[in-house]
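# Commentary on secondary and tertiary structure
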Amino acid sequence: MADVKITAETRTEFGKGAARRIRRDSKVPAVVYGHGAEPVHVTLPGHELQLALRTPNVLLTLDIEGKTQLAIPKAVQRDAIKGFLEHVDLLLVNRGEKVNVEVYVHTEGELAPGAYLLEHVLSTLNVEAEATHIPESVTVSIAGLEAGDSILAKDIPLPEGTTLLTDEDAVVLQILAAQAEEAPAEGESEATEA
């Protein structure tokens, strides 16, 4: 679990114009909320935040006017074309507090020999974990699996202290037989007639 320290500045200007000015200065507008406290509007350094958000479920240690608080990203808005950060919502957490997050499912190993395809029915699992011990991902072995085999959510090993929230009988991965394209019969045209 990554823990990144970022200095945040409180902001008093709101709206599109203010947000554009903030982004022009290579910063990102953000809102910090949680624990029944009033939301705090802040600006965060864009490059540092971009690097931190490369890690799934990163734990941020925010320094807001000398006061240190822990937060996790809850919603991240990016520009649809250029991909830069437009806005981030951060949820305040305490050490020892349990939080609900999504973790990515990674696979390891090789399928049984043959023409098989691996289908990711779910790419993430909803789990509950301590805020300071959120797993970045979970890994499951697909070694030797063949067509018709599937892996359910309850079959995926979770780190200690992590509880599965996704339906335990939900199919996460399934193995399919590859379909070969049929060659056109002799005398048939590949083009369809209208």
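Please refer to the structure placed before this passage.
Worth saying up front: this structure is predicted, and the values here are computed from it rather than measured. Per-chain numbering applies: the sequence of each chain, read as written, is numbered from 1 onward. Local features are withheld for residues below a pLDDT of 70 in this predicted model, meaning they are given only at 70 or higher, and side-chain atom pairs are given and counted only at 80 or more; totals for whole chains, interfaces and linings count all residues. Excluded from the side-chain calculations are hydrogens and water; all other atoms, namely the structure's heavy atoms, are used.

### Focus: the environment of Lys5
Runs of E in the DSSP output that reach at least two residues are strands. Runs of H or I that reach at least four are helices, and both are numbered from the N terminus. Structurally, the position occupied by Lys5 is in strand E1 (residues 3-10). Buried means the residue's accessible area, taken with a 1.4 Å probe over protein chains only, is under 20% of the maximum for its type, while exposed means over 50%, and partly exposed covers the values in between. Lys5 gets classed as exposed once you look at its relative accessible area, which sits at 55%. Not counting the four nearest positions on each side in its chain, Lys5 is found in contact with Glu48, Thr61 and Asp63. The contact definition used throughout considers only heavy atoms, calling two residues in contact when any of these lie within 4.5 Å.

### Looking at the environment of Glu168
With respect to the helices, strands and loops of the structure, Glu168 is situated in the loop between strand E12 (163-164) and strand E13 (171-177). Taking the relative accessible area as the measure of exposure, Glu168 reaches 44% and is therefore partly exposed. As for Glu168 and Ile156, which are separated by 12 residues in sequence, their C-alpha atoms are 9.6 Å apart.

### Things to note about the pairing of strand E7 (residues 98-108)
The criterion for strand pairing is that DSSP finds at least two bridges linking the strands in question. As paired elements, E7 and strand E9 (residues 124-130) share seven bridges and run antiparallel to each other. Bridge pairing links Val99 to Ala129 in E9. In the sheet, E7 pairs with strand E10 (residues 137-141) via five bridges, with the strands oriented parallel. Residue pairing in the sheet places Tyr104 in a bridge with Ser137 of E10.

That's the geometry; what it means functionally is another story.
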